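Inside the fold
Below are the chains, spelled out letter by letter.
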Amino acid sequence: MSDCIFCKIANHEIESEYVYEDDLVCAFRDASPEAPVHVLVVPKAHYVNLADDIPAEVLVAMAHAVREVAKRTGIDKTGFRVVSNAGKDADQVVQHLHVHVLGGEFLGSAILPEQR
Ligand code: DGP
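Some remarks on unusual backbone geometry
Glycine aside, the phi torsion of most residues is negative, and most peptide linkages are trans. Of note in this structure, H12 is not a glycine but carries a positive phi near 65 degrees. Tracing the backbone shows H12 in the loop between α1 (5-10) and β1 (18-21). Of note, the phi angle at D91 is positive, near 60 degrees, even though the residue is not glycine. Structurally, D91 can be placed in the loop between β4 (80-83) and β5 (99-103). The exposure class of D91 is exposed, given its relative accessible area of 57%.

Shown next, in the form of structure tokens:
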């Protein structure tokens with residue numbers, strides 16, 4: 001989509017701090033980190049969120065990218081959280097499918113950082 005910021009980052013029209021990339025997905029540091037490690041994994045093709053009809057190969061690539069991000073940022077052993085906001089009630093701000101990978105400190109049991 002021409003006016004989508006994550007399409008532009010995923011296709012290098014706008015550069016970002018990339019952590020991982022392959023043919024289907026890329027991962028880059030969140031601009032407003034909520035944890036010492038906060039990386040977004042996004043597909044290169046445009047989907048709005050997980051309520052969309054996402055091809056299985058894209059979902060597999062995203063899961064693989066999460067594992068790579070965890071390894072490359074050193075949180076694979078200490079633990080991490082994966083969150084994907086979908087739609088209004090989840091307060092999804094960027095309308096391009098993405099998962100947040102959060103870690104690098106104890107995150108507690110609350111899902112939302114402001115509840116910690
Ligand atoms: P949400 O749609 O609420 O799941 O969160 C969107 C996240 O995207 C939020 O944590 C901030 C991040 N973000 C928004 N714009 C940019 C950007 O231009 N670059 C980067 N790296 N992150 C962004």
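Considerations on the side chain of H38
Within the secondary structure layout, H38 lies in strand β3 (residues 37-43). Looking at H38, the relative accessible area reads 4%, which means it is buried. Separated by 2.9 Å, the side chain of H38 and the backbone nitrogen of E34 make a polar contact. Looking at H38, its side chain comes within polar contact range of the side chain of H100, at 2.8 Å. In this view, H38 contacts F28, R29, D30, S32, P33, H100, V101 and L102; residues no more than four positions away in its chain are not counted.

A short note on helix α2 (residues 56-73)
Helix length check: α2, at 18 residues, gives a terminal C-alpha distance of 26 Å against a target of 26 Å (1.5 Å per residue), a fit within 8%. Every buried residue of α2 is accounted for by V58, A61, M62, A65, V66, E68, V69, A70 and T73. Those residues of α2 that are buried are in contact with β1, β2 (25-29), β3, β4 and β5. Looking one or two residues past α2, G74 carries a phi angle of roughly 80 degrees, positive in sign.

Topic: the state of the cysteines
Across all of its chains, the model carries zero disulfides by this definition. With no disulfide of its own, C4 lies closest to C7 among cysteine sulfurs, the gap being 3.8 Å. A relative accessible area of 7% means that C4 is categorised as buried. Cysteine C26 is unpaired, with the sulfur of C7 as its nearest cysteine sulfur at 10 Å. Accessibility expressed as a relative area gives 0% for C26, which makes it buried.

Focus on the pairing of β1
For β1 and β2, the ladder comprises three bridges, and the chain directions are antiparallel. From the neighbouring strand, E21 faces β2, where its bridge partner is C26. Connecting β1 to the next strand, β2, in antiparallel fashion are three residues.

Let's talk about the site of the ligand
Within the structure, the ligand sits among 16 residues, and D30, N85, V93, H98 and H100 are positioned closest to it. When isolated, the ligand has an accessible area of 510 Å², and the protein chains bury 78% of it. Taken atom by atom, the bulk of the ligand overlaps the largest pocket. At the level of secondary structure, the elements contributing two or more residues to the shell around the ligand comprise α1 and β2. The element contributing the most residues to the shell around the ligand is α1, with three residues. Split into classes, the residues belonging to the shell around the ligand amount to eight nonpolar, five polar and three charged.

Reading the values: rules and limits
Residues numbered from 1 in each chain as written. Predicted model: local features only at pLDDT ≥ 70, side-chain atom pairs only at ≥ 80, totals over all residues. Heavy atoms only, no water. Helix = DSSP H or I, 4+ residues; strand = E, 2+ residues; numbered from the N terminus. Buried < 20%, exposed > 50% of the residue type's maximum accessible area, 1.4 Å probe, protein only. Polar contact = N/O pair within 3.5 Å; in protein donor to acceptor, adjacent residues only side chain to side chain. Contact = heavy atoms within 4.5 Å. Expected span 1.5 Å × (residues − 1). Disulfide = S-S within 2.5 Å. Pairing = 2+ DSSP bridges. Near = heavy atom within 4 Å. Areas by Shrake-Rupley, 256 points an atom, 1.4 Å probe, with all protein chains shown as cover. 1 Å grid on protein atoms, 1.4 Å probe; cavity = no way out; pocket = protein on both sides within 12 Å on 5 of 7 lines; lining within 4 Å. Sits in = over half its atoms within 2 Å of the grid points. Nonpolar A, V, L, I, M, F, W, Y, C, P; charged D, E, K, R; others polar.

Shape descriptors only; they carry no functional weight alone.
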